[in-house]
Every structure is written in C-alpha cells, then in structure tokens.
Amino acid sequence: MSKKWLTLVALALVVTMVAVLAGCGGGSAPAKPATIKIGANFEMTGGQATFGQSSVNAVKLLFKQINAAGGINGKQLELVVADNKSEPAEAANAMTKLLTQDKVVAVVGPVTSSDVLAASPIAMDKKVAVVSNSATNPKVTVENGKVKEFVFRACFLDPFQGTVAANFATKSLKAKTAAVYVDMSSDYAKGLAQFFEEAFTKAGGKIVAKEAYQQKDTDFRAALTKIKAANPDVIFNPGYYQEVGMFVKQARELGITVPLLGGDGWDSPKVVEIAGAQALENTFFVNHYAADSKDPDTIKFVETYKKEYGQTPDALAALAWDAALMVVEAIKKAGPDDPVKIKDAIAQTKNLKGVTGVITLNANHDPVKSAVIIAMKNGKMVFQETVNP
Ligand code: PHE
C-alpha cells in the first residue's frame with residue numbers, strides 16, 4: 001500500500017473514532033434515561049385482589065402524569081410491582097424481592113394490616129420506607145410503645161373507625177344491641193371488632209352475641225343462626241369483601257333483616273357480585289372517601305381514573321394515590337438516591353393535599369382524617385355522611 005493510502009486510512013479511522021466517542025460519552029447525544037425505582041407491594045391476586053389491583057392502577061396513573069410532565073428533576077419514575085397474593089408470608093417475600101433484587105428506594109403498600117405487619121420488619125431491616133395506603137390497625141406503625149422508623153400510612157386508624165361505626169349504630173340506626181361477627185385470621189378485623197365493642201358499650205349499647213370465622217370460609221349459616229337467636233338490632237362484621245359478600249347473602253337467606261354494618265374492608269365491587277343488590281339493602285360501612293365528593297381534587301381524580309380504567313376508583317385507589325404522592329413529595333425534597341433521607345422526608349409530611357383529604361403525619365407516622373359512611377342502595381354505594389375526628 002502506498003504512503004498516501006496509509007495516511008488516508010489512518011485519517012478515516014481517527015474520524016470514525018471521534019464520531020463513536022462523541023456518540024457515546026459526548027455531551028450532545030441523549031443519555032439513557034435514569035429512572036427512580038419505587039416498589040409496589042400489593043394484593044394483586046388472592047382473597048383481597050380487588051384492593052391491590054385498584055391501588056396499583058392509581059399509582060400507575062399518578063406516575064404516568066408525573067413522567068409526562070418531565071418526572072422528578074428530569075428523572076422518570078419506574079413502578080416495580082410485586083404481588084403478595086393476599087398472604088402475609090408472601091407479603092414478606094415480595095418485600096425482600098423489591099428491596100434486594102429491584103433495589104427500590106421506597107415502597108407503597110400493602111393494603112391489609114396483616115400483610116403490612118408481616119412485610120415491614122424487612123423494610124426496617126433494609127432501612128427503606130414503606131407507606132401503606134390503607135392498613136388501619138394501630139400496630140402497623142406503633143408496637144409496644146415504639147414507633148416503627150420506616151413504616152407510614154395514608155389512612156385513619158381503627159380506634160377511630162370503630163368509634164365511627166358504633167356511633168352510627170347507636171345514633172343513626174338507633175341500635176341498643178349488637179352482634180359482632182369477626183374474621184379471626186385478620187389483625188384488622190380483630191382490632192376493629194374490639195374498638196367497635198368498646199365504643200358501642202360506652203355509648204350505652206349491649207353486645208348480645210359474638211361469633212368468629214376464618215378467611216376462605218364459605219358457610220356462615222351456623223354462626224348466623226346463633227346470632228339470629230340473640231336478636232340483635234345490628235350485626236357488625238369488620239371483614240373483607242369476599243367473606244362479607246357471602247355473609248350478607250346467607251344472613252338474608254336466613255331471614256335476618258336487621259341492618260348489617262361493616263368497615264372499610266367492604267369496599268369492593270365484588271360485594272355486590274357475591275351478595276346481590278337485594279341482600280345488600282339496609283347495609284352500611286365506614287370508608288375513607290366517597291367518589292361522589294364535591295372536592296375539586298377528588299372530582300379531577302375520579303374523572304381521570306374513570307377515563308383510564310373505565311371504572312369508578314374505590315377508596316383503595318384514592319388512598320394509594322395519596323400514599324404515592326407522599327413518596328413523590330419526599331423524593332422531591334430529599335433527592336432520589338438515599339432511602340433514609342427519603343424516609344426522613346416522608347416523616348415530615350405536612351398539609352399535603354391529596355384526594356382523600358389533607359395529610360399531616362403525627363409523631364406516630366399516622367395522619368388524622370375524616371371518615372364517611374356509605375349505604376348500599378340498589379347495588380350502589382351511596383354517600384351518607386362525613387364524620388370528623
Ligand atoms: N383497613 C384494612 C386493613 O387494615 C384494609 C382496607 C382499607 C381494605 C380500605 C379496604 C379499604 O386491613
């Protein structure tokens with residue numbers, strides 16, 4: 001090869017290398033987007049699946065909006081969903097996976113108190129914040145007088161919820177006696193039953209029967225027959241929709257016509273599917289928000305959620321939006337890299353306007369919020385009243 005050719009080849013090589021270098025590390029080419037990974041530990045399948053699914057729907061919607069508006073300081077949010085199958089042991093597994101494999105900087109979820117209680121020791125150990133949208137048992141954030149440093153929630157607590165239910169029973173339903181029917185496999189149901197009993201008794205009422213069941217039970221007739229014999233003015237069942245749906249259906253089949261009352265665990269379209277609209281007449285439950293609220297933020301949320309998913313958001317969706325918002329606001333303040341700083345910023349949550357109310361966390365990592373009473377009418381959830389703390 002001639003000298004001239006060699007020079008040309010060398011020149012061509014240099015030009016190519018410069019071009020390649022400029023393409024990779026150079027300032028002008030767009031860098032691969034770095035994302036902020038946030039975990040979702042939710043009941044996507046199993047006995048509380050509608051809870052987890054609508055929670056994830058809402059968080060996805062929030063992240064979609066934030067990402068479309070440029071993310072947080074130019075970084076896109078990435079949601080990593082882990083299914084806890086509505087089982088406490090699986091909730092712990094899901095948490096381990098999110099924190100060790102996916103290395104998320106914060107976690108939203110789970111829904112139920114038992115699942116959060118099982119999963120949070122792992123978050124404590126790995127020093128990553130977990131914000132439950134909806135777990136209402138007091139032990140979720142404080143146990144043996146000790147606040148759990150990395151555990152937070154976006155909802156009210158069961159001592160309040162139990163009091164709201166008891167006052168509604170005595171004042172609005174004029175009940176003097178009550179029966180309590182409790183899912184003993186749920187920390188939530190056990191706690192809420194106890195708080196209801198205390199408040200109902202304090203208001204002058206009398207508990208005339210108490211029966212127990214377990215999750216996945218399908219036949220409630222024997223207990224209902226005993227409850228019927230005690231002739232209560234109201235039956236309180238603080239369970240989840242799957243068993244509650246069958247309980248309502250079988251109660252009506254046995255000729256029990258008194259009001260049936262429950263807690264937030266009733267909030268699922270499945271209750272209507274399982275029990276039927278007719279059986280659900282004269283039933284009521286306490287909840288976190290009403291989709292027909294007049295609040296402008298709530299109206300906007302309900303509209304966008306409906307447009308995206310073709311259904312009305314339940315309380316889980318609304319609360320998950322707010323829980324994710326707590327994480328987002330914390331990351332805006334603390335930056336996306338240090339989970340401990342993010343935890344500190346979550347603990348400082350103050351006057352955060354969400355779709356379920358204004359959230360200010362107290363020293364126990366709990367917000368103080370209003371509750372609503374929902375009545376079932378023609379298979380639809382109808383807002384009855386708001387109860388302030
Ligand atoms: N409060 C329930 C629990 O702690 C979970 C839940 C909240 C379910 C809201 C439905 C609606 O287990």
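Residues numbered from 1 in each chain as written. Predicted model: local features only at pLDDT ≥ 70, side-chain atom pairs only at ≥ 80, totals over all residues. Heavy atoms only, no water.

**Brief notes about the pattern of salt bridges**
Here is step 1: For the structure shown, the criterion picks out 19 salt bridges.
Here is step 2: Between E143 and K148 there is a salt bridge, and its shortest N-O distance comes to 2.8 Å.
Here is step 3: Here E143 falls in the partly exposed class, since its relative accessible area comes to 32%.
Here is step 4: Across the pair D366 and R153 runs a salt bridge, and its minimum N-O distance is 2.8 Å. Of the two residues, D366 is situated in the loop between β14 (358–359) and β15 (371–377) and R153 in strand β7 (residues 151–153); the sequence distance between them amounts to 213 residues.
Here is step 5: Its relative accessible area of 5% is what places D366 among the buried residues.
Here is step 6: Within this structure, D219, R221, K249 and E253 form a network of salt bridges that share partners. (Salt bridge = Lys/Arg side-chain N within 4 Å of Asp/Glu carboxyl O. Buried < 20%, exposed > 50% of the residue type's maximum accessible area, 1.4 Å probe, protein only. Helix = DSSP H or I, 4+ residues; strand = E, 2+ residues; numbered from the N terminus.)

**Topic: the site of the ligand**
Here is step 1: Around the ligand lies a shell of 13 residues, among which S113, S134, T136, Y240 and D264 are the nearest.
Here is step 2: Residue T136 places a side-chain N or O atom 2.8 Å away from a nitrogen atom belonging to the ligand.
Here is step 3: A distance of 2.5 Å separates an oxygen atom of the ligand from a polar side-chain atom of Y240.
Here is step 4: Here the ligand has 320 Å² of accessible area as a free molecule, and 100% of this is covered by the chains.
Here is step 5: Residues that form the shell around the ligand fall into these classes: six nonpolar, six polar and one charged. (Near = heavy atom within 4 Å. Polar contact = N/O pair within 3.5 Å; in protein donor to acceptor, adjacent residues only side chain to side chain. Areas by Shrake-Rupley, 256 points an atom, 1.4 Å probe, with all protein chains shown as cover. Nonpolar A, V, L, I, M, F, W, Y, C, P; charged D, E, K, R; others polar.)

**Quick word on the domain arrangement of the protein**
Here is step 1: Its domain assignment divides the protein into domain 1 (35–156 + 295–369) and domain 2 (158–287).
Here is step 2: Averaged C-alpha coordinates put domain 1 and domain 2 at centres separated by 28 Å.
Here is step 3: Counting residues at the interface gives 21 residues for domain 1 and 22 residues for domain 2.
Here is step 4: Across the domain 1 to domain 2 interface the summed buried area is about 1500 Å²; carbon plus sulfur atoms make up 51%.
Here is step 5: If you sort the residues of domain 1 by the area they bury against domain 2, T50, F51 and F156 come out on top, with a joint share of 31%.
Here is step 6: Applying the counting rule to domain 1 against domain 2 returns two salt bridges.
Here is step 7: Across the salt bridge formed by K139 and D187, the nearest N and O atoms sit 3.7 Å from each other. (Domains from an automatic or database assignment. Contact = heavy atoms within 4.5 Å. Buried area = accessible area lost by both parts, 1.4 Å probe.)

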